[in-house]
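Listed here are the chains, written in short residue letters.
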2 protein chains.
Amino acid sequence: MARYPKDAGPIVSKVPEGDNRARLVCEACGFIHYHNPKVVVGAVCGYEGKILLCRRAIEPRTGFWTIPAGYLELNETSLEGAAREALEEAKAEIEVEALLAVYNIPRIGQLQLIYRARLENARIGPGPESLETRLFDWREIPWDELAFPSTRWALEHFRELEGVALFQPRTNPRGETGDFAPGR
Amino acid sequence: MARYPKDAGPIVSKVPEGDNRARLVCEACGFIHYHNPKVVVGAVCGYEGKILLCRRAIEPRTGFWTIPAGYLELNETSLEGAAREALEEAKAEIEVEALLAVYNIPRIGQLQLIYRARLENARIGPGPESLETRLFDWREIPWDELAFPSTRWALEHFRELEGVALFQPRTNPRGETGDFAPGR
């Protein structure tokens, strides 16, 4: 039986009154710990035909390339969050143009809102969570060194929808759950 | 200084190492309690020119009308969540057609994904969280008895986009934060 945090009452998995599924409940105080999905916000950022990528300085997937993205914080909108992540990870100022995709990675309880954006200017540079930032031509993209399956999805959807103004946001490619497959 | 849960170590607000904003941290065990935004999934469901609404049996806003919507659970996709809520709250089987809107209500840390859907058939009925379910003609919608500002936004965006196949999801109406204004 897990104790959480240490010295607290025992935590058991049970269905709270009025609920319809098991939650983690503290038997000492009745506190219900809801695990909710987390929201990731990010953007594929274009500039003069190139795409901004950041090489990760943090786990998971240190050293691999990704688009600027991260957890939505309380008290910010998803647009504000996507712009904040671009600024934090790549010192990039962006203008968001459209909602490119909504990806679900249910195994890890993640919902991703990925926007299509353009850089306001070419001034980019690594923030504390990046080793390196770079603008890539499409043919230069390091496909074998991308951080996550959803990084590839977002890049491919960005490419598919270049020049398309009105579209529904893309979703996970058919049959893909976003689970990381090493060596893929 | 709050104790959480009872008998655990003192909980203080501090910036964890490597982070850039204050979190609730247990001084006894170092556990970091992240408060993250929660995801609401729902659908405006049409059927032969009418729209499905549910009268709420639970707080907040008991007795007021809303579209089927609720918190996204772990281990389900946003589409699955929207369909589950329609089934739970209105015993309705739906087919989701498009992502109608993404609303942000940052004051309460809520991100809403609202889909456009159609009922598979006219079989609806109140689930445990509804007092009543009903199909409304547009002119019958009880505007003064809607549960939330975002209920009205979703209905108006659904109406605006009837017959439109390709569109970007709508967002909060300009200047509206979703804070509830009683008596409005």
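The model shown is predicted, which means the values in this text are computed figures rather than measured ones. What you see as residue numbers is a count from 1 along each chain, following the sequence as written. Each chain gets a letter, beginning with A, and each ligand a number, beginning with 1, in the order they are written. The model is predicted, so local features are restricted to residues of pLDDT at least 70 and side-chain atom pairs to those at 80 or more, both for listing and for counting; the totals for chains, interfaces and linings are taken over all residues.

## Description of the overall build of chain A
Note the following rule: Strands here are runs of E lasting at least two residues and helices are runs of H or I lasting at least four, both read from the DSSP assignment and numbered beginning at the N terminus. It is the C-beta atoms, placed from the backbone, that decide contacts: two residues are in contact if theirs lie within 7 Å.
For chain A, the helix and strand inventory stands at 2 helices and 10 strands. Written out in order from the N terminus, the α and β elements of chain A read β-β-β-β-β-β-β-α-β-β-β-α. Residue pairs in contact within chain A that sit at least 24 positions apart in sequence constitute 62% of those at least 6 positions apart.

## Some remarks on the relation of the copies chain A and chain B
Put simply, the rule reads: Least squares is the method for superposing the copies, and the C-alpha atoms it fits come from residues with pLDDT of at least 70 in both.
Least-squares fitting of chain A to chain B yields an RMSD of 0.2 Å, with the transformation described by 0.1 Å of translation along the axis and a rotation of 180°. The symmetry that links the two subunits is that of a two-fold axis.

## What about helix α1 (residues 78-90) of chain A?
All names here are of chain A. Note the cut-off: An expected span of 1.5 Å times one less than the residue number is assigned to each helix. Here a residue counts as buried when 20 or more other C-beta atoms fall within 10 Å of its C-beta, as exposed when 12 or fewer do, and as partly exposed in between; the C-beta atoms come from the backbone.
When the terminal C-alpha atoms of α1 are compared, their 18 Å separation across 13 residues agrees well with the 18 Å that a helix rising 1.5 Å per residue should span. Those residues of α1 not exposed but buried are Ser 78, Gly 81, Ala 82, Ala 83, Glu 85, Ala 86, Glu 89 and Ala 90. Backbone geometry just downstream of α1 places Lys 91 in the positive-phi region, at approximately 50°.

## As for the domain arrangement of chain A
This is how it is decided: An automatic or database domain assignment supplies the residue ranges for each domain.
Taken domain by domain, chain A comprises domain 1 (1-35) and domain 2 (38-160). Between the C-alpha centres of domain 1 of chain A and domain 2 of chain A there is a distance of 36 Å.

## Considerations on the interface of chain A and chain B
Convention followed: The classification used treats Ala, Val, Leu, Ile, Met, Phe, Trp, Tyr, Cys and Pro as nonpolar, Asp, Glu, Lys and Arg as charged, and all other residues, Gly among them, as polar.
Across the boundary between the two partners, chain A contributes 33 residues, which contact 33 residues of chain B. Elements supplying a minimum of two residues to the side of chain A that touches chain B: β4 (38-47), β8 (94-105) and β9 (110-119) of chain A. If you tally residues by element for the side of chain A that touches chain B, the top one is β8 of chain A, at 4 residues. When its residues are assigned to classes, the side of chain A that touches chain B shows 20 nonpolar, 9 polar and 4 charged.

## A word on the nonpolar core
For clarity, the cut-off: Here a nonpolar core is just a set of buried residues of the types Ala, Val, Leu, Ile, Met, Phe, Trp, Tyr and Cys, joined wherever their C-beta atoms sit within 7 Å.
Ranked by size, the top nonpolar core spans 80 residues in total, and within it Ala 43, Val 44 and Cys 45 of chain A together with Ala 43, Val 44 and Cys 45 of chain B carry the most contacts. The residues touching Ala 43 of chain A, leaving out its near neighbours within four places in the chain, are Ile 67, Pro 68, Ala 82, Ala 86, Ile 94, Val 96, Ile 114, Tyr 115 and Ala 117 of chain A.

## Looking at unusual backbone geometry
Cis peptide bonds are those with omega within 30 degrees of zero, and the linkage from Glu 59 of chain A to Pro 60 of chain A qualifies with -5°. Mapping Pro 60 of chain A onto the fold places it in the loop between β5 (50-56) and β6 (65-66). A positive phi angle, near 65°, is found at Asn 75 of chain B, a position not held by glycine. The topology assignment puts Asn 75 of chain B in the loop between β7 (69-71) and α1 (78-90).

## Thoughts on the environment of Ala 165 of chain A
For Ala 165 of chain A, the location among the structural elements is in the segment after α2 (149-160). By C-beta crowding, Ala 165 of chain A is classed as exposed, having 9 other C-beta atoms within 10 Å.

## Quick look at the pairing of strand β4 (residues 38-47) of chain B
Residues and elements named next belong to chain B. Rules: Pairing between strands requires that DSSP locate at least two bridges from one strand to the other.
Taking burial as the measure, the 10 residues of β4 include 7 buried ones, the bulk of the element. In terms of strand pairing, β4 meets β7 through 3 bridges, oriented antiparallel. The residue of β7 that forms the bridge with Val 41 is Gly 70. Sheet topology note: the β4/strand β5 (residues 50-56) ladder contains 2 bridges and is antiparallel. Bridge assignment links Gly 46 to a residue of β5, and that residue is Ile 51.

## Examining the pairing of β4 of chain A
Of the strand pairs in this sheet, β4 of chain A and β9 of chain A are connected by 9 bridges, and their pairing is parallel. Residue pairing across strands places Val 39 of chain A opposite Leu 111 of chain A, the latter belonging to β9 of chain A.

## A few points about the environment of Gly 70 of chain B
Residue and element names in this part refer to chain B. By the element assignment, Gly 70 lies in strand β7. Spatially, the C-alpha atom of Gly 70 lies 9.9 Å from that of Ala 43, the residues being 27 residues apart in sequence. Those residues within four positions of Gly 70 in sequence are excluded, and the remaining contacts are Val 40 and Glu 85.

## With respect to helix α2 (residues 149-160) of chain B
Helix length check: α2 of chain B, at 12 residues, gives a terminal C-alpha distance of 17 Å against a target of 16 Å (1.5 Å per residue), a fit within 8%. Among all positions of α2 of chain B, only Ser 150, Thr 151, Trp 153, Ala 154, Leu 155, His 157 and Phe 158 of chain B are buried.

## Some points on the environment of Glu 120 of chain A
Residues and elements named next belong to chain A. Mapped onto the fold, Glu 120 is located in the loop between β9 and β10 (130-136). According to the C-beta neighbour criterion, Glu 120 is exposed, with 12 such atoms within 10 Å. The spacing of Glu 120 and Tyr 47 is 73 residues in sequence and 8.1 Å in space, taken between C-alpha atoms. Excluding anything up to four places from it in sequence, Glu 120 contacts Glu 93, Ile 94 and Glu 95.

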